[in-house]
Amino acid sequence: MNWINSLVRPKIRDLWKKREVPENLWIKCPETGEMVFHRDLEANLWVIPNSGHHMRMPARKRLETFFDDGAYDTVKTRGVQADPHKFRDSKRYSDRLKEARARSGEDEAVLVAQGKVNGMKMTVAVQNFEFIAGSLGMAAGEAILEGMLKAVETGTPFVMFAASGGARMQEGILSLMQMPRTTVGVQMLREAGLPYIVVLTNPTTGGVSASYAMLGDVHIAEPGAMIGFAGRRVIEQTVREKLPEDFQTAEYLLDHGMIDMVVPRQEMKETIFRISSILMKREVELPKLEAPKPAEKTSSEDAETKPASADAAPQETADEAEPAR
Amino acid sequence: MHSYLEFEKPVADIEGKIQELRALAAGGEAVNVDDELDRLKAKSSQTLQEIYAKLTPWQKTLVARHPDRPHAVEYVAGLIEDFTPLAGDRKFAEDHALIAGIGRFRGQSVAILAQEKGHDTETRLKHNFGMVRPEGYRKAVRVMEMAERFAMPLISFVDTSGAYPGRGAEERGQSEAIARSTDVGLGLGTPSVAVVIGEGGSGGAIAIATANKVLMMEHAIYSVISPEGAASILWRDSAKAQDAATALKITAQDLKQLGVIDGIVDEPVGGAHRAREIVIDNAGKAIESALQGLDGMSPDEIRKHRREKFIAIGRNFA
């Protein structure tokens with residue numbers, strides 16, 4: 001049952017999650033210090049209502065608010081060998097992974113899903129910064145690559161919500177290899193003539209910005225997001241020069257020609273839909289035209305009542321990704 | 001005269017004794033030092049062999065960064081006939097950290113990318129210590145596209161501690177420049193070989209190392225982050241660089257085992273800096289045989305070979 005997996009299951013999971021964080025009822029705006037009640041913040045897509053400051057948004061919420069009716073199928077990606085180097089710094093990497101899994105309720109740092117956006121089928125990957133800083137390791141690289149291949153297979157645009165501190169250092173050279181591996185995925189999207197839209201969220205740095213996150217057809221950033229290759233502190237130590245206040249912000253990158261636009265979260269879905277529909281040469285009216293019945297019916301209702309079409313994802317993709325092995 | 005690394009001290013001591021004996025003999029003292037000299041020389045080379053047979057990853061890091069180690073310009077000079085450097089990215093500037101050009105390798109026209117660190121203060125500054133700026137990667141893209149147009153194989157010599165972290169580099173899109181160079185290198189329809197000759201420093205290295213065949217010199221390193229960087233971030237203690245070097249798996253031998261690289265080029269006992277001509281010759285032979293292995297493939301086959309190779313990395317031991 002498609003809707004059980006994609007709609008009910010995530011909601012049940014959320015019930016658990018909410019119980020785990022009762023202490024964070026009020027959230028402070030980092031810019032103004034204003035306190036916002038968590039429900040109000042959630043209702044406003046984690047954007048502080050008065051200041052417009054974009055807080056980090058939970059990865060699952062990103063998917064739920066992006067897809068019509070919050071309905072999506074998670075794309076199952078292949079398992080990878082966890083902790084290939086039996087890495088240990090001040091802590092065991094395997095313990096860090098366990099903790100990240102317990103805390104986030106996710107297996108790894110990237111979620112891939114398919115669903116509809118204003119009736120248009122899209123494949124979306126979301127990088128979860130809460131999972132070891134959204135770092136790009138073997139599992140994340142595999143998920144992105146396979147997500148891109150899924151988009152090619154099903155002929156959909158691919159949207160990448162990037163958020164990462166960079167490579168997963170604990171996986172050594174194998175994390176670095178995710179830069180070329182994900183780039184192969186970008187090339188396949190390009191050859192298939194499918195739009196690849198990157199949304200740079202706070203922060204997108206290091207090996208992630210230096211690979212798939214800077215190879216989109218269109219680069220969109222969220223307001224205030226930090227985007228760059230090297231960290232601010234590293235640069236300050238190298239050049240011994242005071243950097244501008246807005247250095248490496250989305251707005252700074254827009255000025256320097258690295259991104260196409262800065263778009264507030266509330267307008268993200270419509271912007272991505274508009275760009276995709278132009279590039280896919282699809283008329284914007286199409287979702288409405290599919291519903292010959294009276295005026296008020298929304299496209300999302302159509303999606304539910306419409307019989308299975310070529311758009312419907314195969315059932316096996318509806319399952320959750322299995323834990324990495 | 002060599003500058004000795006700390007772990008080479010036993011060898012330095014023996015060599016010191018050899019110098020003393022020679023001075024003694026030259027001073028006209030009536031002693032027969034020949035037997036003793038022979039004995040010491042044999043001991044010196046044996047000690048060197050023993051030390052280099054079991055270098056730790058951290059010791060390899062020091063060898064890979066050795067100031068006397070042959071650099072990219074020497075490999076190019078030794079292996080490429082008619083080398084003709086090409087300057088500039090046609091967009092902003094010339095970047096001497098990445099030397100690009102065309103020439104002939106074993107009689108065949110080739111395109112060259114080479115990261116150069118410099119060997120003294122003046123050249124180090126000129127080459128920015130091998131830390132490439134966006135312009136360098138954009139020049140690389142330009143030359144790679146030329147390689148494609150003229151159906152020339154591409155040979156890259158990788159030696160960088162990493163891409164340059166600077167204000168201008170960020171403003172001019174260091175991330176995008178690296179990503180694009182990686183992208184173009186992966187998509188080339190002409191055969192490519194990359195040799196990590198010293199340090200393969202993270203994204204700054206991968207940008208020119210997405211080749212059909214990736215080789216490493218025996219004592220080169222290739223890593224997602226420098227051991228010092230990992231120590232300060234993960235251990236929060238820069239003194240842990242030695243542990244980090246081991247944990248990160250950065251040696252040619254580790255990478256070969258992981259299936260990340262295709263081959264290792266032998267260095268003479270005591271490292272590349274003790275026999276530069278031999279090591280450059282070894283590299284030439286390895287590049288030649290790598291290119292021969294790609295001979296006769298169509299552009300599509302070349303591209304497919306490269307893609308499948310990178311996609312397979314890490315999947316084989318799942």
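Residues numbered from 1 in each chain as written. Chains lettered and ligands numbered in written order. Predicted model: local features only at pLDDT ≥ 70, side-chain atom pairs only at ≥ 80, totals over all residues. Heavy atoms only, no water.

A. Up close: the overall build of chain A. Counting secondary structure elements, chain A contains 13 helices and 10 strands. Considering chain A as a whole, with its 325 residues, one finds that 54% of them fall into the buried category. Pairs at least 24 residues apart make up 69% of the contacts formed inside chain A by residues separated by at least 6 positions. Of the accessible surface of chain A, which amounts to about 14,500 Å², a share of 54% is contributed by carbon and sulfur atoms. (Helix = DSSP H or I, 4+ residues; strand = E, 2+ residues; numbered from the N terminus. Buried < 20%, exposed > 50% of the residue type's maximum accessible area, 1.4 Å probe, protein only. Contact = heavy atoms within 4.5 Å. Areas by Shrake-Rupley, 256 points an atom, 1.4 Å probe, with all protein chains shown as cover.)

B. Structural context of the overall build of chain B. A tally of helices and strands in chain B yields 14 helices and eight strands. Radius of gyration (C-alpha) of chain B: 21 Å, near the 20 Å computed for a compact globule of 318 residues. Dimensions of chain B, computed from C-alpha atoms along their principal axes, come out at roughly 70 × 50 × 45 Å. Burial analysis of chain B (318 residues in total) assigns 57% to the buried set. Side-chain charges in chain B split into 39 positive and 45 negative, and the spacing between the mean points of these groups amounts to 5 Å. (Rg over C-alpha atoms; globule rule 2.2 N^0.38 Å. Lys, Arg positive; Asp, Glu negative; His and termini not counted. Charge placed at Lys NZ, Arg CZ, Asp CG, Glu CD.)

C. Fine view of the confidence of the model for chain A. For chain A, the average pLDDT comes to 86, and 80% of its residues sit at 70 or higher. Under a pLDDT of 50 for its full length, residues 295-325 of chain A has, in the predicted model, 55 contacts with residues more than four places off or in other chains. (pLDDT = per-residue confidence, 0-100.)

D. Examining the pattern of salt bridges more closely. The full count for this structure, using the stated rule, is 42 salt bridges over all chains. Note that B:Lys285 and B:Asp281 form a salt bridge whose closest N and O atoms lie 3.0 Å from each other. Placement of both B:Lys285 and B:Asp281 in helix 13 (residues 276-293) is noted, with a separation of four residues, approximately one turn of the helix. It is possible to trace a salt-bridge network through shared partners that takes in A:Arg78, A:Glu142, A:Glu146, A:Arg181 and B:Arg315. (Salt bridge = Lys/Arg side-chain N within 4 Å of Asp/Glu carboxyl O.)

E. Fine view of the packing of aromatic side chains. What the rule picks out here adds up to nine aromatic pairs over all chains. Each ring, one from A:Phe67 and one from A:Tyr72, has its centre 5.9 Å from the other, and the planes form 35°; the classification is tilted. Taken as a pair, A:Phe67 and A:Tyr72 share a single burial class, namely buried. Between B:Arg133 and the ring centre of B:Tyr164, over which it is positioned, the NZ or CZ distance is 4.6 Å. Taking the ring centre of B:Phe310 as reference, the NZ or CZ of B:Lys309 above it sits at 5.1 Å. (Phe/Tyr/Trp six-rings, centres within 6.5 Å; stacked < 30°, edge-to-face > 60°. Lys NZ or Arg CZ within 6 Å of the ring centre and 35° of its normal.)

F. The interface of chain A and chain B, seen in detail. Taken residue by residue, the interface counts 54 residues in chain A and 45 residues in chain B. Across the interface of chain A and chain B, roughly 4,200 Å² is buried in total on both sides, 69% from carbon and sulfur atoms. The largest contributions to the chain A side of the interface with chain B come from A:Met169, A:Ile173 and A:Phe229, which together make up 16% of the buried area. Counting the contacts that link chain A with chain B gives three salt bridges. Of the charged contacts in the structure, one is a salt bridge between A:Glu191 and B:Arg307, with a shortest N-O distance of 2.5 Å. Where chain A meets chain B, there are 16 residue pairs in polar contact (both at pLDDT 80 or more). For the side of chain A that touches chain B, the secondary structure elements donating two or more residues are helix 5 (138-154), helix 6 (172-176), helix 7 (178-191) and helix 9 (232-239) of chain A. For the side of chain A that touches chain B, the leading source of residues is helix 7 of chain A, giving nine residues. Of the residues that constitute the side of chain A that touches chain B, the class distribution is 28 nonpolar, 15 polar and 11 charged. (Buried area = accessible area lost by both parts, 1.4 Å probe. Polar contact = N/O pair within 3.5 Å; in protein donor to acceptor, adjacent residues only side chain to side chain. Nonpolar A, V, L, I, M, F, W, Y, C, P; charged D, E, K, R; others polar.)

G. Inspection of the packing of helix 10 (residues 227-235) of chain B against helix 11 (residues 241-248) of chain B at higher detail. All names here are of chain B. Orientation of helix 10 relative to helix 11, taken along the N-to-C sense of each, is 100°, at an axis distance of 8 Å. One way to sum up the angle between helix 10 and helix 11 is to call them roughly perpendicular. On helix 11, the residues that touch Pro 227, Glu 228, Ala 230, Ala 231 and Trp 235 of helix 10 are Ala 241, Asp 243, Ala 244, Ala 245, Ala 247 and Leu 248. (Axes fitted to C-alpha atoms, helices over the stretch in contact; angles between N-to-C directions. Parallel < 35°, antiparallel > 145°, perpendicular 65-115°, else oblique.)

H. How the structure looks around the side chain of A:Asp68. Along the chain, A:Asp68 turns up in the loop between helix 3 (59-66) and strand 3 (72-74). For A:Asp68, the side chain forms a polar contact with the main-chain nitrogen of A:Asn118, separated by 2.7 Å.

I. Focus on the pairing of strand 2 (residues 98-105) of chain B. All names here are of chain B. Judged by how many residues are buried, strand 2 sits mostly within the fold: six of eight residues are covered. Here strand 1 (residues 81-86) runs beside strand 2; their pairing, made up of four bridges, is antiparallel. The residue of strand 2 that forms the bridge with Pro 85 is Gly 101. From the end of strand 2 to the start of strand 3 (residues 108-115), which pair antiparallel, there are two residues, and Arg 106 there has a positive phi angle of about 50°. (Pairing = 2+ DSSP bridges.)

J. Up close: the nonpolar core. One finds B:Phe157 and B:Tyr222 to be the most contacted residues of the largest nonpolar core, which totals 107 residues. Among the elements that take part in this core, helix 13 of chain B stands out by supplying seven residues, more than any other. A:Ile144, A:Ala151, A:Ala221 and A:Leu253 belong to the second largest nonpolar core, which has 32 residues in total. (Core = buried A, V, L, I, M, F, W, Y, C linked by side-chain atoms within 4.5 Å.)

K. Highlighting the domain arrangement of chain A. Residue and element names in this part refer to chain A. Considered domain by domain, chain A is made up of domain 1 (24-55) and domain 2 (56-279). Summarising the inter-unit geometry, the C-alpha centres of domain 1 and domain 2 are found 23 Å apart. Each side of the interface is counted separately: domain 1 has seven residues, and domain 2 has 10 residues. Together domain 1 and domain 2 conceal approximately 830 Å² of surface at their shared face, both sides included; 59% is due to carbon and sulfur atoms. (Domains from an automatic or database assignment.)

L. Focus on unusual backbone geometry. Here the bond from A:Asn202 into A:Pro203 is cis, since omega is -15°, no more than 30 degrees from zero. Looking at the secondary structure, you find A:Pro203 in strand 7 (residues 196-205). Phi is positive for B:Phe129, which is not a glycine, with a value near 55°. Here B:Phe129 falls in the partly exposed class, since its relative accessible area comes to 40%.

M. Representation of a negative patch on the surface within the structure. On the surface, a cluster of negative charge is made up of A:Glu245, A:Asp246, A:Glu251 and A:Asp255. A:Asp255 gets classed as exposed once you look at its relative accessible area, which sits at 66%. (Patch = residues over 30% accessible without salt bridge, like charges linked within 9 Å, V, L, I, M, F, W, Y side chains within 5 Å.)

N. Molecular detail of a nonpolar patch on the surface. A surface patch of nonpolar side chains, about 320 Å² in accessible area, is lined by A:Leu25, A:Trp26 and A:Met35. Looking at the element boundaries, A:Trp26 is found in strand 1 (residues 26-28).

O. Structural detail: helix 13 of chain B. With 18 residues, helix 13 of chain B ought to run about 26 Å at 1.5 Å a step, and its terminal C-alpha atoms sit 26 Å apart, in line with that. Residues of helix 13 of chain B that are buried: B:Val279, B:Ile280, B:Ala283, B:Gly284, B:Ala286, B:Ile287, B:Ala290 and B:Leu291. (Expected span 1.5 Å × (residues − 1).)

P. Structural detail: the environment of A:Thr205. All names here are of chain A. Mapped onto the secondary structure, Thr 205 falls in strand 7. With 41 residues separating them along the chain, Thr 205 and Ser 164 place their C-alpha atoms 6.1 Å apart. Among residues more than four places away in sequence, those in contact with Thr 205 are Ser 164, Gly 165, Gly 166, Met 226, Gly 228 and Phe 229.

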